[in-house]
Amino acid sequence: MRRVGPFLLEPRLAAPRYVVFGVSIFAVVIALLAAVPVFVGYGLNPWQAYAAIGRGVFGSWPSFSEVIRRAIPLILCGVGLTLAFRAQFWNIGAEGQILAGAVAASGVALFLPVPDGLRLPLMFLTGFGAGAIWGLIPVLLRVKFGVNDVISTLMLNYVMSYIVEWLVHGPWKGPTMRGFAYTDAFPLSARLSYLPNTRVHWLTLALGVALAVFVAFLLARTRTGYEIRVVGQNPDAARYAGINFAAVLSLVMLISGGLAGLAGVGEVAGIHWRLRSPSHISMNYGYTAIIVAWLARGSPIAAIFTALLFGLIFAAGDYMKTTLSLPFQITGVFNGLVLFFLISFDILMLWRVRLARKEKIWAGQTGS
Amino acid sequence: MKRILAVVVTVVALGALAFSAEKIKAGFIYVGPIGDYGWTHAHDLARRIVDEKYDWLETVYVESVPEGEVETYIDQLVRQGCNVIFTTSFGFMDGTLAAAQRYPNVIFAHASGFKRNPNMATYMADFYQVYYLNGLMAGALTKTGKIGYVGAFPIPEVKRHLNAFTIGVREVNPNAEVHVRWIYEWFNPAAAKEATEALIAEGCDVFAFTEDSPTVVQVAAEKGLPSFGHYSPMYDFAPDYVVSGQIVHWEKIYEDFLLKVHNGVYTTKNLAHVDYWWLLSQGAVEVGAKPGMVINPKYEAALKNFVLNHPVFGRISVYDLVFTRLNQMADPGITFDPFQGPIYDRKGRLVVPEGMWMSYDSLITLEWAVVGVVGPWPGEP
Amino acid sequence: MGWANWLISTVSRALAFGVPLLWGTLGEIYAERSGVVNLGVEGMMILGAFMAFAITQQTGHPGLGLVCAALIGGLAALLHAFVTITLRANQYVSGLALSMFGLGLAGLLGRGWEGKPLGKPLPTLAIPGLSQIPVLGPMLFQDQTILTYLGIVFAVILWALLFHTRWGIAIRSVGENPATADSLGINVTRVRYLCVVFGGLLAGVGGGYLSVAYRPSWTEGMSAGMGWIVIALTIFASWDPVQAIWGAFFFGVLYHLSYRLQAFLAPELLKLMPYLFAIVVLAVSGFGRARWRQRAPGALGLPYVRGER
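Residues numbered from 1 in each chain as written. Chains lettered and ligands numbered in written order. Predicted model: local features only at pLDDT ≥ 70, side-chain atom pairs only at ≥ 80, totals over all residues. Heavy atoms only, no water.

Q: When you look at the domain arrangement of chain B in this model, what are you seeing that I'm missing?
A: By a widely used convention, the size of an interface equals the accessible area lost when the partners come together. All names here are of chain B. Domain parsing of chain B yields domain 1 (21–125 + 250–282) and domain 2 (128–247 + 285–374). Together domain 1 and domain 2 conceal approximately 1,700 Å² of surface at their shared face, both sides included; 65% is due to carbon and sulfur atoms. The largest per-residue losses of area from domain 1 upon contact with domain 2 belong to Tyr37, Trp277 and Leu280, which jointly make up 45% of the total buried on that side. Viewed at the interface, domain 2 and domain 1 are joined by 0 salt bridges. Among the elements of the structure, helix H2 (39–53), strand E5 (120–125) and strand E11 (275–278) are those that each provide at least two residues to the side of domain 1 that touches domain 2. Per element, the largest residue contribution to the side of domain 1 that touches domain 2 is 3 residues, and it comes from H2. (Domains from an automatic or database assignment. Buried area = accessible area lost by both parts, 1.4 Å probe. Salt bridge = Lys/Arg side-chain N within 4 Å of Asp/Glu carboxyl O. Helix = DSSP H or I, 4+ residues; strand = E, 2+ residues; numbered from the N terminus.)

Q: Whenever I open this one, the interface of chain C and chain B confuses me. Can you help?
A: Listed per partner, the contact involves 29 residues of chain C and 36 residues of chain B. Interface area for chain C against chain B, summed over the two sides, is near 2,600 Å², with a carbon-plus-sulfur share of 58%. Counting every contact that joins chain C to chain B gives 4 salt bridges. In this structure, Arg13 of chain C and Glu194 of chain B form a salt bridge, with 2.9 Å as the shortest nitrogen-oxygen distance. On inspection of chain C and its partner chain B, the count reaches 13 residue pairs in polar contact (both at pLDDT 80 or more). Sorting the residues of the side of chain C that touches chain B by element identifies helix H1 (2–33), helix H9 (188–214), helix H11 (241–260) and helix H12 (267–271) of chain C as the ones contributing at least two each. For the side of chain C that touches chain B, a count of residues per class yields 11 nonpolar, 8 polar and 10 charged. (Contact = heavy atoms within 4.5 Å. Polar contact = N/O pair within 3.5 Å; in protein donor to acceptor, adjacent residues only side chain to side chain. Nonpolar A, V, L, I, M, F, W, Y, C, P; charged D, E, K, R; others polar.)

Q: Can you walk me through the packing of aromatic side chains in this structure?
A: Two aromatic rings are characterised by how far apart their centres lie and by the angle between their planes. Residue and element names in this part refer to chain A. In the structure shown here, the tally under the stated rule is 61 aromatic pairs over all chains. Both rings, one in Phe39 and one in Tyr50, keep their centres 5.0 Å apart while their planes meet at 70°; by these two values the pair is edge-to-face. Taken together, the residues Phe39 in helix H2 (residues 36–41) and Tyr50 in helix H3 (residues 46–58) connect sequence positions 11 residues apart. If you follow Arg239 out to its NZ or CZ, it ends over the ring of Phe245, 5.1 Å from the centre. Stacked on the ring of Trp294, the Lys or Arg Arg297 has its end atom at 5.1 Å from the ring centre. (Phe/Tyr/Trp six-rings, centres within 6.5 Å; stacked < 30°, edge-to-face > 60°. Lys NZ or Arg CZ within 6 Å of the ring centre and 35° of its normal.)

Q: Can you help me understand the environment of Gly286 of chain A in this one?
A: Residue and element names in this part refer to chain A. Within the element layout of this structure, Gly286 appears in helix H13 (residues 285–295). Judged by relative accessible area, which is 0%, Gly286 ranks as buried. As for Gly286 and Ala94, which are separated by 192 residues in sequence, their C-alpha atoms are 4.5 Å apart. Every residue in contact with Gly286, bar those within four places of it in the chain, is listed here: Leu81, Ala94, Glu95 and Ile98. (Buried < 20%, exposed > 50% of the residue type's maximum accessible area, 1.4 Å probe, protein only.)

Q: Would you take a moment to explain the side chain of Gln329 of chain A for this structure?
A: When you line up the elements, Gln329 of chain A lands in helix H15 (residues 329–344). Polar side-chain contacts of Gln329 of chain A include one of 2.5 Å to the side chain of Glu220 of chain C. Excluding residues that lie within four positions of it along the chain, Gln329 of chain A makes contacts with Glu63 of chain B together with Gly104, Gly107, Leu108, Arg111 and Glu220 of chain C.

Q: What am I meant to see in the packing of helix H5 (residues 94–111) of chain A against helix H6 (residues 116–145) of chain A here?
A: The packing of two helices is summarised by the inter-axis angle and the distance between the axes. Residues and elements named next belong to chain A. Running from N to C, H5 and H6 point in directions that differ by 145°, and their axes come no closer than 7 Å. In terms of crossing hand, the pair formed by H5 and H6 is right-handed. Across the interface between the two elements, Gly96, Gln97, Ala100, Gly101, Ala104, Ala105, Val108 and Ala109 of H5 pack against Arg119, Leu122, Met123, Thr126, Gly127, Ala130, Gly131, Trp134 and Gly135 of H6. (Axes fitted to C-alpha atoms, helices over the stretch in contact; angles between N-to-C directions. Left-handed = near helix turned anticlockwise from the far one by under 90°.)

Q: Please explain empty space enclosed by the protein as it appears in this structure.
A: Gaps between atoms show up when a probe of the same size as a water molecule is rolled over them. As enumerated under the stated definition, the model contains 11 cavities of 30 Å³ or more in all. Lining of the second largest cavity is provided by 14 residues; of these, Phe180 of chain A together with Ser112, Met124, Trp277 and Ile364 of chain B occupy positions nearest its centre. Among the secondary structure elements, those contributing two or more residues to the lining of the second largest cavity are E5, helix H6 (156–172), E11 and helix H12 (360–364) of chain B. Looking at which element gives the most residues to the lining of the second largest cavity, the answer is E5 of chain B, with 3 residues. The residue inventory of the lining of the second largest cavity, partitioned by class, reads 7 nonpolar, 3 polar and 4 charged. (1 Å grid on protein atoms, 1.4 Å probe; cavity = no way out; pocket = protein on both sides within 12 Å on 5 of 7 lines; lining within 4 Å. Points joined across faces, edges and corners; volume = space filled by probe spheres on them.)

Printed below as a string of structure tokens:
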């Protein structure tokens, strides 16, 4: 226990949910305050700016729907990453797994002669499969060859990105694109439909939410989930308990990579309707999802909401760029600030704060 | 004098108009950051010039817009009251078209694409003639007979430029080769640097490129080798080594287009066939190390001393040849085109028959490599 | 002389391209050896790149520019240190935040600086005598800036410091087992702060090299992912400063060859080679030898709380 002014700080192991939630909100508010000088520096009244952003993002259903649309790939990737991080597998590779899914879906959309009704389901299936395969390679590398997962997943992102580049410049270049590096547009049967007046491809959204629930159930209520948690928390104990390390990691990355692959399917079938330059498809969603998963503290359900938070930040950033004519880098600065504050206030969650009553202070226990 | 007079007249005319006509709010959507010193930088420079020039015009811009997001940004610009929107990347094409159909009362113009609508025009300022002129000079300046070209992506636009450049080179120096390296990025200084170094190691001693930074110019200059600037004026980065280059003037197109919108010539009903393909003769592109300097004075002597026996002009120095060709192409009644048949590709096929010029469509879909190009050529037919 | 040309250009280019990677990796090795992962290298490098350019442009002294680049890198690292060491926040997330923040901030500050040439870049040295040796001279002793040699010398010094001095033992024990180090009277917090900030200083120099030497000018986003390669190289080098030299050099070779070999192989596929090779080499070297897990600092990524465990 520790005394700070009139308060007593008491360590605790796990913070109750309302504290986690409250602290997170508090951090976002502080970050908003910290960004004030940036607005002032650009000659804007920060309060008016925030009000404008608020009106811009929440003002109408079409504009608010952008928050949801931007959150879709983040939900899918984020849920997958919470699972990977629970098993202490550092999957930095969602970016590449998104692209793998996009490639598979594009292949099915453009070249596979299947009945129209089967096309989209098949795209989702192959997309899941491709993401899963791209996610399983690092598991193989780690289990068989001892290759660090941070490196292998990171490097595989670059590899997949160049594979996409090769496809759109080479074998898959669309005959109707006049030589530009894009595939042809998908047939109508390979395009996802939107909620009215939006670009929200609801099928992917529904998949994301359903799979979040499934992963949450898997983690909390099944023997497999128990094994995943043990592998993550205490690999040695896992070994003693006879848990098959390789099998558990494989399952985890099958799901994690597969979900990212689904996100890729959603992007090409919902937004682009073609395969194009990789960075315009994956859009750093895979990297952002790392933060989404981390902020969700390993909870797949919470990842839905943290994904929405980042959807909101992206949409607000879009709005700042156009309406307030702020340079685009401001989104990066702002995201960085939000993150710094969010994690900095984590420490609050580990302490219970109470008003001190004099007789309760033990000098002996005030060590740091 | 004539030009000054023309400007004065225009200004006066505009002043008169400004009272009568409505205000225009134009939105510009860029694919890259305006700090790239290439494509986006040039568009933004042009935006500021027109913004300054017309007092009935207000402009806004959005930079670094991913290709799939263009519709979102168009929505926002329209909500903000923009009535003219320019989208400046090929990848924005389908999104712009969809938005044009959704907002029939807004005028759209899309750079470098080929899809149009009654309220959506297309425009492009192309460099191929300028590359050809640069090629003439490069052919005269190489000592090793190998000229290096760092290309961004192997797409028709870059291939067209590379071919025009090579045609220029071989017109002066029939045995010279143009060695090409691809970096697969519009902007990546480190990649451009290593590609240039690789070309230097292969013996190339003159450089041209397509990448949005002055890297190639700087690297060549370090080794004391001449080069040609690309997109923005690059003379200042290596005053002793930038021979000439390609400079774009998007403002010429923007001025013309916006004025016509302002005057009611262009409406939301009649743009389906409006396609700007502006070249030297319209002033949308310029050959030079910096504006007004066609050839760096440091290289004038070398180019004047390089005299060849030209099939059309007889004995002529490269210096004179450059200006002769420039005049032929800058003249409104263009009397010369670099892609003038017969042209054979490097696989020996006749791609442009004797006496023919290439059509606009075949120019913008060009995939072959002309004789003299050495190196990988993805998508070669 | 075909082979000599290939050898000369490959080695000399690999050295030049490897410099920012080497500096960044050396710094990250020290941070990680003390137990703190800093994924903010990309952010620190780009801040360094901008700072070095702006200062050199204003003063005409590239040396001063590099010093300022180091300082801003160190300052950025200090932020990471405070958040992760004092506030014990998650190191991975803090690093990602630092990268985003750094890229954004450098972009904001750098607006208006792009497209300006640098009058006085860091000069390349032709070492008298040595540069005249055939093959070896042009390969190693021409076309390099002082930072190439300084980086290599530094790597060796840092290696000696880490493995053969009491300071090195202190750093490694803090990274291996902070509780034990603490009980031996080592100030864990101070060691970690110093190592992380030191890492930032070196990353800043690596970034500065890009804008005052490698290609003297400023452009938005010019670090182009090098910070992430540094993270990989740190593991690649098994947290050993001397191996970092080989790692940076190896990456430089692959990068150069991916352009050199374009005449013979498909360029798109060549471009992915460096990344694929990094994995393959790790797999081959890890196979049958000590696994990376055993080589990694034991407490890597974990905050230290006195009295725990």
